[in-house]
Amino acid sequence: MYNLTNSQKILLTKLIQLVREGQLLEEFLISWTLGGYSISGYSGLRENIPEITKGTLDAFVANNLLLCDISYNDSRFGGQYEKSRCCTLTGKAYEAVDTNFSAPDISFVKHIAPLADITNLDEQLKQRCLPILGAGSADPKLWDSAVRTAGVILEERLKDVGGISDSNRVGRVLVNDVFGQNGTLASKFTIPSERDGYRELYAGIVGTFRNPYAHRLLDPNPEDGGAFIVFVNLLLKMLEDLRSVVSKESGE
């Protein structure tokens, strides 16, 4: 990924074009003068090159697009000032121009780190978990509270979608009430093994995460806490998909 402004990209593109046209050497010398600068190794018209600044050259160097050997002169007022730069275009400069400065496609990051984009996060998670983390997203104690809340949201959604009104039905018992062989949603699965899969999945989450966080202070790190909330988001979506199936059948 190139950290360049649009005008810097235009300048580099022009320099590469001039080299390919034979008007500029790959290694050229820029000398700073009172009137601006002069370029040794360039045979074209000065007005055909966009303005070159020291900052732009520094940006090229920082992106490994240019090598620079800087010469200094002593100032009569003390110290030194930059006299000239011997510049050499690198192979990466040609590659950058030929690919139109394309960077690797990292759009997948938002899909493997969904908390970076909360647009599609379940509304209950947004309303109840995110405000907790807003007080300090690096604090494990806050993640502990957020994860515990996410577990409660999941359990409440199981009751809601599964039509379980008894508030005493919790944990694995609740999961069996919903996805067991005689569960409230058992008839929504045409393949028994898929229903078993749902039961094992939700029962596993309850036993592995929901129950421990309900009874102990675990203080997860942000990576683990975030991963759990994202996974709960997926489980909530799966329940909502089942709700849609139930609603359609009820309307028929």
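Residue numbers restart at each chain and count upward from 1, following the sequence in its written direction. Given that this is a predicted model, residues contribute local features only at a pLDDT of at least 70 and side-chain atom pairs are listed and counted only at 80 or more, while totals for whole chains, interfaces and linings are drawn from all residues. The basis for every side-chain value is the complete set of non-hydrogen atoms in the structure, without hydrogens or water.

What follows concerns the pairing of strand S3 (residues 66–74). A strand pair is defined by DSSP finding two or more bridges across the two strands. Strands are runs of DSSP state E lasting at least two residues, helices are runs of H or I lasting at least four, and both sets are numbered from the N terminus onward. Two elements, S3 and strand S4 (residues 80–89), share nine bridges in a ladder whose sense is antiparallel. When the bridges of S4 are listed, Cys68 appears paired with Cys87.

What is meant by a nonpolar core is a set of buried Ala, Val, Leu, Ile, Met, Phe, Trp, Tyr and Cys residues, joined one to another through side-chain atoms within 4.5 Å. Residue exposure (1.4 Å probe, protein chains only): buried if accessible area is under 20% of the type maximum, exposed if over 50%, otherwise partly exposed. Among the nonpolar cores identified, the biggest contains 32 residues, and Leu125, Leu154, Phe179, Tyr202 and Ile229 are the most heavily contacted of them. At the level of secondary structure, the elements contributing two or more residues to this core comprise helix H7 (140–162), helix H8 (171–179), helix H9 (192–215) and helix H10 (222–251). When residues no more than four places from it in sequence are discounted, the contact partners of Leu154 are Tyr202, Ile205, Val232, Leu235, Leu236 and Leu239. Counting 29 residues, the second-largest nonpolar core is a separate cluster that includes Ile49, Ile52, Ala59 and Leu66. Should any heavy atoms of two residues lie within 4.5 Å, those residues are considered in contact.

For the rest of this paragraph, the subject is the pattern of salt bridges. Definition used for salt bridges: Asp or Glu carboxyl oxygen within 4 Å of a side-chain nitrogen of Lys or Arg. Overall, the coordinates contain 15 salt bridges when judged by the stated rule. For Lys237, the salt bridge goes to Asp241, with nearest N and O atoms at 3.3 Å. Residue Lys237 and its partner Asp241 are both found in helix H10; the two are separated by four residues, about one turn of the helix. Residue classification places Asp241 among the partly exposed positions, given a relative accessible area of 40%. Connected via shared salt-bridge partners are Asp122, Arg157, Asp160, Glu240 and Arg243.

Convention adopted: a line fitted to C-alpha atoms gives each axis, helices being fitted over their contacting stretch, and angles between N-to-C directions are expressed from 0 to 180 degrees. The N-to-C vectors of helix H1 (residues 6–20) and helix H2 (residues 54–62) enclose an angle of 80 degrees; their axes lie 11 Å apart at closest approach. It follows that H1 is roughly perpendicular to H2 by the angle criterion. In this structure, H1 contributes Gln8, Leu11, Leu12 and Leu15 to the contact, and H2 contributes Thr56, Ala59 and Phe60. Three classes are used: nonpolar for Ala, Val, Leu, Ile, Met, Phe, Trp, Tyr, Cys and Pro, charged for Asp, Glu, Lys and Arg, and polar for all others, with Gly counted as polar. Residue composition of the contact of H1 with H2, by class: five nonpolar, two polar and no charged. Here the word oblique covers every angle except those under 35 degrees (roughly parallel), over 145 (roughly antiparallel) and from 65 to 115 (roughly perpendicular).

Helix packing geometry: the angle between the two helix axes and the distance between the axes. Orientation of H7 relative to H8, taken along the N-to-C sense of each, is 25 degrees, at an axis distance of 10 Å. Viewed along their axes, H7 and H8 adopt a mutual orientation that is roughly parallel. With respect to the hand of their crossing, H7 and H8 are arranged in left-handed fashion. Residue-level contacts link Glu155, Leu158, Lys159 and Gly162 of H7 to Gly171, Leu174, Val175, Val178 and Phe179 of H8. By the definition used in this description, the sense in which the near helix is turned from the far one sets the handedness, with an anticlockwise turn below a right angle giving left-handed and a clockwise turn giving right-handed.

Take the number of residues in a helix, subtract one, and multiply by 1.5 Å to get its expected span. An ideal rise of 1.5 Å per residue puts 21 Å on 15 residues; H1 measures up with 21 Å between its terminal C-alpha atoms. Turning to H1, its buried residues are Gln8, Leu11, Leu12, Leu15, Ile16, Leu18 and Val19. In a view along the axis of H1, the buried residues occupy a sector of 160 degrees, so they form one face of it. Of the residues in H1, the exposed ones pointing more than 90 degrees away from the buried face are Asn6, Ser7 and Arg20. The secondary structure elements touched by the buried residues of H1 are strand S1 (24–33), strand S2 (36–42), H2, S4 and helix H3 (91–98). Phi turns positive one or two residues past the end of H1, at Gly22, with a value near 85 degrees. Starting at the helix axis, one direction is taken to each C-beta atom, and the arc is that of these directions.

Another point: the sheet that holds S1. Strand order across the open sheet formed by four strands is S2-S1-S4-S3, with antiparallel pairing between neighbours. Either end of the sheet is taken by a strand with one partner, and the two such strands are S2 and S3. Direction aside, neighbouring strands of the sheet carry axes that sit 20 degrees apart on average. Taken strand by strand, H2 contacts S1, S3 and S4, and its axis lies near 45 degrees from that of S4.

This is a description of form; function is not addressed.
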